[in-house]
Amino acid sequence: MKTIKCSQVGGGECTFEASGETVDEVRGKMSEHAKEAHKDMVEKATPESMTEWNAMFDKLWEETPEN
Ligand SMILES: [Zn+2]
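Per chain, residues are indexed from 1 in the order of the written sequence. In keeping with the model being predicted, local features are shown solely for residues with a pLDDT of at least 70 and side-chain atom pairs are shown and tallied solely at 80 or more, while totals for entire chains, interfaces and linings include all residues.

- In the nomenclature of an unreviewed UniProt entry, the chain is known as DUF1059 domain-containing protein.

As structure tokens, this is what we get:
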């Protein structure tokens with residue numbers, strides 16, 4: 001299992017963390033959280049910025065050790 005912090009993926013001071021076995025599971029949890037907690041950010045997102053965010057998330061996932 002790996003844990004990704006919201007603050008690592010653009011959430012600023014946010015202390016939310018999402019954990020799971022697969023990158024898609026954790027990405028899904030983070031997206032759900034962002035829709036509620038970071039509405040402004042989600043509304044401003046473009047297809048290009050989402051592609052960048054997804055790439056950044058994949059890279060972070062690879063670099064994060066199992067816990
Ligand atoms: Zn957050």
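1. What to know about the overall build of the chain
Point 1. When helices and strands are counted, the chain shows three helices and two strands.
Point 2. Secondary structure follows DSSP: runs of H or I at least 4 residues long count as helices, runs of E at least 2 residues long count as strands, and numbering of each begins at the N terminus. The linear arrangement of helices and strands in the chain, starting from the amino end, is β-β-α-α-α.
Point 3. Each radius of gyration reported is based on C-alpha atoms, and the globular scaling rule is 2.2 Å times the count of residues to the power 0.38. Here the C-alpha atoms of the chain give a radius of gyration of 11 Å, agreeing with the 11 Å that 2.2 N^0.38 yields for 67 residues.
Point 4. Taken along its principal axes, the extent of the C-alpha atoms in the chain is 30 × 25 × 20 Å.
Point 5. Around each residue's C-beta, the other C-beta atoms within 10 Å are counted; 20 or more make the residue buried, 12 or fewer make it exposed, and counts in between make it partly exposed. All C-beta atoms are placed from the backbone. In the chain, which comprises 67 residues, the proportion classed as buried is 7%.
Point 6. Across the chain, every contact between residues at least 6 apart in sequence was considered, and the portion connecting residues at least 24 apart equals 45%. Here contacts are defined at the residue level, using C-beta atoms placed from the backbone and a cut-off of 7 Å between them.

2. Topic: the environment of Gly 11
Point 1. Turning to its location among the elements, Gly 11 is positioned in the loop between strand S1 (2–5) and strand S2 (17–20).
Point 2. If we skip the residues at most four places from it in the chain, Gly 11 touches Cys 6, Phe 16 and His 38.

3. Things to note about helix H3 (residues 47–63)
Point 1. If you check H3, its first and last C-alpha atoms are 24 Å apart, about what 17 residues at 1.5 Å a residue would give, namely 24 Å.
Point 2. For H3, a buried count of one out of 17 residues is recorded, marking the element as mostly open to its surroundings. A helix is expected to span 1.5 Å for every residue after the first.

4. Describing the environment of Asn 67
Point 1. Relative to the elements of secondary structure, Asn 67 occurs in the segment after H3.
Point 2. Those residues in contact with Asn 67 that lie beyond four places of it in its chain are Met 1, Lys 2 and Thr 3.

5. Some remarks on helix H1 (residues 23–37)
Point 1. Taking 1.5 Å per residue, 15 residues should reach 21 Å; H1 reaches 20 Å between its end C-alpha atoms and fits that length.
Point 2. The set of residues buried in H1 consists of Val 26, Met 30 and Ala 34. Across the axial projection of H1, the buried residues extend over an arc of 75°, all falling on one side. Within H1, the exposed residues directed more than 90 degrees away from the buried face are Asp 24, Glu 32, Lys 35 and Glu 36.
Point 3. Contact partners of the buried residues in H1: S1, S2 and helix H2 (39–44). By construction, the arc corresponds to the directions joining the helix axis to the C-beta atoms.

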